[in-house]
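Working through the structure, step by step
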Amino acid sequence: MLKTIPKACFIDNKYCPGCGHGIANRLVAEVLEEMGRDGDALAAIAVGCASLMPDTFGIDCVQAQHGRAAAVAVGMKRCRPDKLVFTYQGDGDALAIGFSETMYAAVRHENITVIFVNNGNFGMTGGQMAPTTLEGQRTTTSPRGRDVRTTGDPMNIMELLKPLDPAYLARGSMTSNAEILKTKKYIRTAFEAQERGVGYSFVEILSPCPTNWGLSAMDAVARIRAEVVPVYPLGEFVKKEGL
Amino acid sequence: MEKLVIRHEDWCKNCEFCIRSCPKGALSAAENRINAKGYPPVQVDYEKCIACGVCFNVCPDYVFEIAEVSGNG
């Protein structure tokens, strides 16, 4: 089978070696291209490593304020319901600073798609602790490991969104070829949910952050398999009928 | 015939995801040269490569393509 780089990935990306964002960008671009919607999709981009995306991604993007990507996407979708609108956010953006926007878009059943890349820390600012940081994980702001007695438990967004009756909820990872293909399928289903007007769709992607985890690219992938997936299980959590 | 092509050697950041994922062990990092980004780029052993496309799927830096080439390429 021939495989060519999607048109939207027209230039080399600016992410660190082994970063999962590169794969996530390509999967989104591939899905939109396969659906024939890469020409009229709109993205609201988060602040953080995700904000490197507009420079290297050939799909129309709006750079939202920190955490507000979901609110910006809702605005775009309400004005232009014919467009496929998605947000592309990291965990610091969507779950810490923009938690309210992420949740309220789901509460209102907004017909948008959220692509949420979870690498367990604030990557761009130097690896500070995020809501998704695992118990005991060392970051620059939790040098002795995250203490859940003072900082709370790692946030499992799937459990929080499930009762809000979303159209589609799924969590994929990037630990192998098979997992990457599954993640691509989740992204496709999420966009199809929006295309059919079923409601809020949300795909979380567990992504390696070798730079801030202090690991080699491959050790970071191994860490996801061994430590992250047991806390954040993979799969489809909500899939409305007909999707 | 379909063949693995290193389309953007200069985009390679030597994360080795492709090298570890290749089911045939056909990929390796170049030993004596570096690319424009300063990393030893990936290279293909065409004796082993079956053009399955796993490297394309796992590459975060869009280095590979599976392309149609005429003859032995």
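Data block above holds the structure.
Residues numbered from 1 in each chain as written. Chains lettered and ligands numbered in written order. Predicted model: local features only at pLDDT ≥ 70, side-chain atom pairs only at ≥ 80, totals over all residues. Heavy atoms only, no water.

Considering the overall build of chain B
Scanning chain B from N- to C-terminus turns up two helices and four strands. Reading the secondary structure of chain B in the N-to-C direction produces β-α-β-β-α-β. Computed over its C-alpha atoms, the radius of gyration of chain B comes to 12 Å, within 12% of the 11 Å expected for a compact globule of 73 residues. Judged by the C-alpha coordinates and their principal axes, chain B covers about 35 × 20 × 20 Å. (Helix = DSSP H or I, 4+ residues; strand = E, 2+ residues; numbered from the N terminus. Rg over C-alpha atoms; globule rule 2.2 N^0.38 Å.)

Concerning helix α1 (residues 21-34) of chain A
Residue and element names in this part refer to chain A. Counted at 1.5 Å a residue, the expected span for α1 with its 14 residues is 20 Å, and the 20 Å between its end C-alpha atoms agrees. Taken together, the buried positions of α1 are His-21, Gly-22, Ile-23, Ala-24, Asn-25, Arg-26, Leu-27, Val-28, Ala-29, Glu-30, Val-31 and Leu-32. The positive-phi residue at the C-terminal boundary of α1 is Gly-36, with phi of around 70°. (Expected span 1.5 Å × (residues − 1). Buried < 20%, exposed > 50% of the residue type's maximum accessible area, 1.4 Å probe, protein only.)

Some remarks on the interface of chain B and chain A
Counting residues at the interface gives 26 residues for chain B, matched by 30 residues for chain A. For the chain B and chain A pair, buried surface summed over both sides reaches about 2300 Å², with 61% attributable to carbon and sulfur atoms. Applying the counting rule to chain B against chain A returns one salt bridge. Of the charged contacts, one joins A:Asp12 and B:Lys37 as a salt bridge, the two residues approaching to 2.5 Å between their closest N and O atoms. Residue assignment for the side of chain B that touches chain A shows that the elements contributing at least two residues are α1 (17-21), α2 (54-58) and β4 (64-68) of chain B. In terms of residue count, β4(B) provides more of the side of chain B that touches chain A than any other element does, five residues in total. Partitioning the side of chain B that touches chain A into residue classes produces 14 nonpolar, three polar and nine charged. (Contact = heavy atoms within 4.5 Å. Buried area = accessible area lost by both parts, 1.4 Å probe. Salt bridge = Lys/Arg side-chain N within 4 Å of Asp/Glu carboxyl O. Nonpolar A, V, L, I, M, F, W, Y, C, P; charged D, E, K, R; others polar.)

Considering unusual backbone geometry
Phi at A:Asp165 is positive, roughly 60°, even though this residue is not glycine. Within the secondary structure layout, A:Asp165 lies in the loop between α7 (157-161) and β7 (168-173). The backbone of B:Tyr62 shows a phi angle near 55°, a positive value even though the residue is not glycine. Within the fold, B:Tyr62 resides in the loop between α2 and β4.

Topic: the side chain of A:Asn119
Residues and elements named next belong to chain A. Tracing the backbone through its elements, the reader meets Asn-119 in the loop between β4 (113-118) and β5 (121-122). Look at Asn-119 and you get buried, because its relative accessible area is 7%. In this structure Asn-119 touches Asp-91, Ser-207, Cys-209 and Trp-213, once residues within four positions along its chain are discounted.

Quick word on the packing of aromatic side chains
Residues and elements named next belong to chain A. On inspection of all chains with the given rule, the structure shows three aromatic pairs over all chains. Look at Phe-86 and Phe-191: their rings are 5.4 Å apart centre to centre, the planes differ by 90°, and that puts the pair in the edge-to-face class. Note that Phe-86 is positioned in strand β3 (residues 84-90) and Phe-191 in helix α8 (residues 177-195), a separation of 105 residues in sequence. Judged by its relative accessible area of 0%, Phe-86 falls in the buried class. With relative accessibility at 0%, the residue Phe-191 sits in the buried group. When the centroid spacing of 5.5 Å and the interplanar angle of 45° are considered together, the rings of Phe-116 and Phe-202 count as tilted. Here Phe-116 is found in strand β4, whereas its partner Phe-202 is found in strand β8 (residues 201-206), with 86 residues between them in sequence. (Phe/Tyr/Trp six-rings, centres within 6.5 Å; stacked < 30°, edge-to-face > 60°.)

Regarding the pairing of β3(A)
Residues and elements named next belong to chain A. Judged by how many residues are buried, β3 sits mostly within the fold: seven of seven residues are covered. Judged by which residues are buried, β3 turns out to be covered on both faces: Leu-84, Phe-86, Tyr-88 and Gly-90 on one side and Val-85, Thr-87 and Gln-89 on the other are all buried. Pairing geometry for strand β1 (residues 41-45) and β3, over five bridges, is parallel. Counted as the bridge partner of Ala-44 is Thr-87 from β3. In the sheet, β3 pairs with β4 via five bridges, with the strands oriented parallel. Within β4, the position partnered with Tyr-88 by the bridge is Ile-115. (Pairing = 2+ DSSP bridges.)

Observations regarding the environment of A:Val107
Within the secondary structure, A:Val107 is located in helix α5 (residues 99-107). For the pair A:Val107 and A:Ala50, spaced 57 residues apart in sequence, the C-alpha to C-alpha distance is 24 Å.

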